[in-house]
Amino acid sequence: MELVEAIILSVLAASTPLLIAATGELVAERSGVLNLGVEGMMIVGAACGFAGAWLTGSILIGALFGIIAGMLMSLVFALMALGLAVNQVATGLALTILGVGISGLIGAGFVGERITPAAHLNLPVLTDIPLIGRVLFGEDGFVYFSVALIVGVGWFLYRTRAGLILRACGDNHVSAHALGYPVLRIRTLAVMFGGACAGLAGAYLPLAYTPFFIPGMTAGRGWIALALVVFSSWRPGRLVVGAYLFGAVTILQLHAQGWGVGIPSQFMSALPYLATVIVLILLSRARSGGSTAPAALGTVFVPDR
Amino acid sequence: MRKSLLALAAGFLLAGSISAASAADRLKVGFIYLGPIGDLGWTYQHDLGRQALVKELGDKIETTYLENVPEGPDAERSIEQLVRAGNKLIFTTSFGYMDPTLKVAKKYPNVHFEHATGYKRNPNMSTYSAKWFQGRYIQGLIAAKMSKSGVLGYIGSFPIPEVVSGINATMLAAQTINPNIKVKIIWANTWFDPGKEADAAKALIDQGADVIMQHTDSPAAMQIASERGKLAFGQDSEMIKFGPKTQLTSILDTWGPYYIERVKAELAGTWKSEDSWGGLDSHMFAMAPYTNMPDDVKKMAEDAQAAITAGKLHPFKCPMIGQDGKPVECKGGDHLDDGQILGMNFYVKGIDDKLPGK
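Residues numbered from 1 in each chain as written. Chains lettered and ligands numbered in written order. Predicted model: local features only at pLDDT ≥ 70, side-chain atom pairs only at ≥ 80, totals over all residues. Heavy atoms only, no water.

A.B. asks: I'd love a proper account of the interface of chain A and chain B, names of residues and values included.
C.D. replies: Contact with chain A, which involves 31 residues of that partner, is made by 35 residues of chain B. Each partner contributes to the roughly 3000 Å² buried at the junction of chain A and chain B, and carbon and sulfur atoms together form 61% of this total. Contact with chain B buries surface across chain A, with Ile 97, Arg 114 and Leu 254 of chain A losing the most and accounting together for 19% of the total. Where chain A touches chain B, the interface holds 1 salt bridge. The partner of Asp 193 of chain B in a salt bridge is Arg 221 of chain A, with the nearest N and O atoms 3.1 Å apart. Elements represented by at least two residues in the side of chain A that touches chain B include exactly α1 (2–30), α4 (88–107), α11 (236–259) and α12 (265–285) of chain A. (Contact = heavy atoms within 4.5 Å. Buried area = accessible area lost by both parts, 1.4 Å probe. Salt bridge = Lys/Arg side-chain N within 4 Å of Asp/Glu carboxyl O. Helix = DSSP H or I, 4+ residues; strand = E, 2+ residues; numbered from the N terminus.)

Set out below in C-alpha cells:
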C-alpha cells in the first residue's frame, strides 16, 4: 500500500505543471489564439521563479516572479500576433526560441544554486490517515492551486457571461466584433492569462519538483501541455483527466521498468504522445458529434475600423 | 532550434573576429560543445578542461568555444566556422559530431581535429574517450557494501554500449561482494530531463533500492536520494553539493591533461592522428573523494582504484558469464578486448531485466 501511495504522490507532482500550463493555454485557445510558445514562457518562468525565490528566500515570491515573467513573455506574443497580426504559429515558435535564450541568460548566475523547496501541507490528524492522508492533505501548495485553477476556469468559461463572450471570440470573431465586443482586448487578456499559467507551471519545476536551476529544465513539458489541450478537445473536465493520465503514464512506465515488465522502455516513453495522436484521430473522425477546436482558432483578426 | 540560433549568433561573432585577429601568431584552438557550459555535467567538464589548457599554455594559445551546438548539419557549419576563423586544432566533444567532423576534416587537411567518444578517424582527425566502466566497477563494489536492502537502482539514459558496459561493470563488481545483489534498471530515454531523472530515482527508491546510480546528466537523482536518506553516485562532475550526506563518489571527466598534452603536441609539430581510450592510469577521468562510507569500504575502493590503475584488475576479466548463462567469448586473453567493450550489447548473469531492443 505504501508503494501505491508513493506512486500517486509522484503522479500528482508530475501532472501538476502540465495541468497548470495546459489550463492557461486552454483559455487562450478558447479565445481563438493559438500560442505555441508555452515551452518558451514556461522556461522563462522557471528561471525567474528560481531567481525570485533564491533572492528573497520565499517560494511565494518566486511563484509571483514566474507568473509575471510568463505574462511579460505572453505580452510580446500578443503584440506580434494580435497587435501586428503576424502569423500565430510562427510567432509562437519564435517565442519558444526567445524564451529558451532568455531563460539561459537570466539563469546563468543561478546554475547549481539550491533552495528549500515548497513546503508540503501537514495537518496533524488528516495527513496521517493511511493511504489517502498524504495524497489528499500532504501536497505542496501548487498541487491544490492547480485543482482550484481548473475548477475556476471551468466555472468561468461555462457559468459566466464573460466566459461566454470569450468563447464567442474564439468561435466567431467577426460576429463577436459586430456585437460590439472588443475581440483583440479580450484575446490579449486570455493570452496573458495563458502566459501567467505557463510562467507558474515553469516556476513549479525549480520551486517544488527539483529544487535547483539548470538551463533547459522544462525538457519539453510545454509541448506536452499544448498536446493536452488538443487531447482534451478544449474542455476543462477532460483536461484534468488528460493531465493526470499523462502524469500517470510517465510515472507508471518508470515503475514498470523497475519491476522488469518486458515492454521496451522507448515504447513506454512514447506512450503519452501516442495517446495524443490516437485522440486526435478519434476527434477528427467524430467531427460530426461534439465540438472540437474553437472555429476561429489560429486565425488572424483585423477589425475594420 | 534554440541551439542553432545560438550557434548562428556565435557564428556571426566569430566571423566578426576574423578581421580582428591579425598579428597574433598564437595557436588557435577551437571547441564545439553540445550543451551550455553551465550544465554542471558533460559540457561543464569539457570547459573545465579548456580552462586548464588556458591556464597551462595561456600565452601560446588562443581558445574559442561554441556552446549549444546541436548534433547534425548545424555542427558541420559550426566546425567550419571555427576553421575559417583560423583555428588549427579543433575539439568536437560529443558522439553526434562524428560525421560532421569527418566531413570538415576531409575538406581541410591542414587543420587537425579531435573527436570525443566516436570511432571514425582520418589522417588529420583523432578520437578520444575514457574507460568510465573502470570507475563504475569501483562504484559497484562500494554500492554492494553500502546497500542494506541488496537492491541497487540504476538510471540509464540510452541502451548504448557505453551505458550497458557501465551497468555490467557495476554488477560484476557488486557480485564479488554479494552474489545475490539485485539491480533495478530504469531507462530515462534522455540524457537530460531533471524532472524525469528525479521521478526515476523516486520509483527506484519506492521499489526498494537504497543506492542510486545514474548515467544521466543532472543532479536531480542525487537530490532525491538525499531527500529520502539514501545513497547515490554523481555523474560526470562533482555533485556533492546536492547530497552532502548522500554522494559516495562520482566519476569526474577530467579532460584537462589530455587537452594540454594534445595541444603541446600540436605546438611541437608532433601531432598525429590516434585513438586515445584512456582509463584511470591515463588520468582521462578521476574519482571524486570517497565520502559517506566507513573506513574499510573507503580502503577497499582505494585499493580497487589502485589495482585498476596499475593494470592488475580488469573489470571484464574472463571467464565471464552472459545473462543467458553461457560464457562470453574472450578475445582479449584474460579479459574482454576493447572492441567487445566498445560494442557491448548484452547483460551479464544476475541481471534479471531485458536489454531494450534485444
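Next comes the rest of the write-up.
A.B. asks: A description of the pairing of strand β6 (residues 151–156) of chain B should follow, citing residues and the corresponding values.
C.D. replies: In the case of a regular strand, side chains alternate between the two sheet surfaces. Residue and element names in this part refer to chain B. With 6 of its 6 residues buried, β6 lies for the most part within the structure. One ladder, built from 6 bridges, connects β6 with strand β7 (residues 182–187); its direction is parallel. Bridge pairing links Gly 156 to Trp 187 in β7. As a crossover connection, the stretch from β6 through helix α6 (residues 161–177) into β7 is right-handed. Where β6 meets strand β8 (residues 211–214), 4 bridges bridge the pair, whose relative direction is parallel. The partner of Ile 155 across the bridge, within β8, is Gln 214. (Buried < 20%, exposed > 50% of the residue type's maximum accessible area, 1.4 Å probe, protein only. Pairing = 2+ DSSP bridges. Right-handed = clockwise from strand over helix to strand, strands pointing away.)

A.B. asks: Quick one: what's the story with the state of the cysteines, residue by residue and with numbers?
C.D. replies: Following the criterion strictly, the structure yields 1 disulfide over all chains and no others. The residue that forms a disulfide with Cys 318 of chain B is Cys 330 of chain B, at a sulfur-sulfur distance of 1.9 Å. Judged by the sign of its S-S torsion, about 95°, the bond between Cys 318 of chain B and Cys 330 of chain B is right-handed. On the criterion of sequence distance, the pair formed by Cys 318 of chain B in the loop between α10 (295–309) and α11 (338–342) and Cys 330 of chain B in the loop between α10 and α11 is long-range, its members being 12 residues apart. The cysteine Cys 48 of chain A is free of any disulfide, with Cys 197 of chain A supplying the nearest cysteine sulfur at 16 Å. (Disulfide = S-S within 2.5 Å.)

A.B. asks: Tell me about the sheet that holds strand β12 (residues 285–287) of chain B, and name the residues and values.
C.D. replies: All names here are of chain B. Sheet architecture is open: 6 strands sit in the order β7-β6-β8-β9-β10-β12, paired in mixed fashion. The outermost strands of the open sheet, each flanked by one partner alone, are β7 and β12. Across the sheet, the mean angle separating the axes of adjacent strands is 15° when strand polarity is ignored. (Axes fitted to C-alpha atoms, helices over the stretch in contact; angles between N-to-C directions.)

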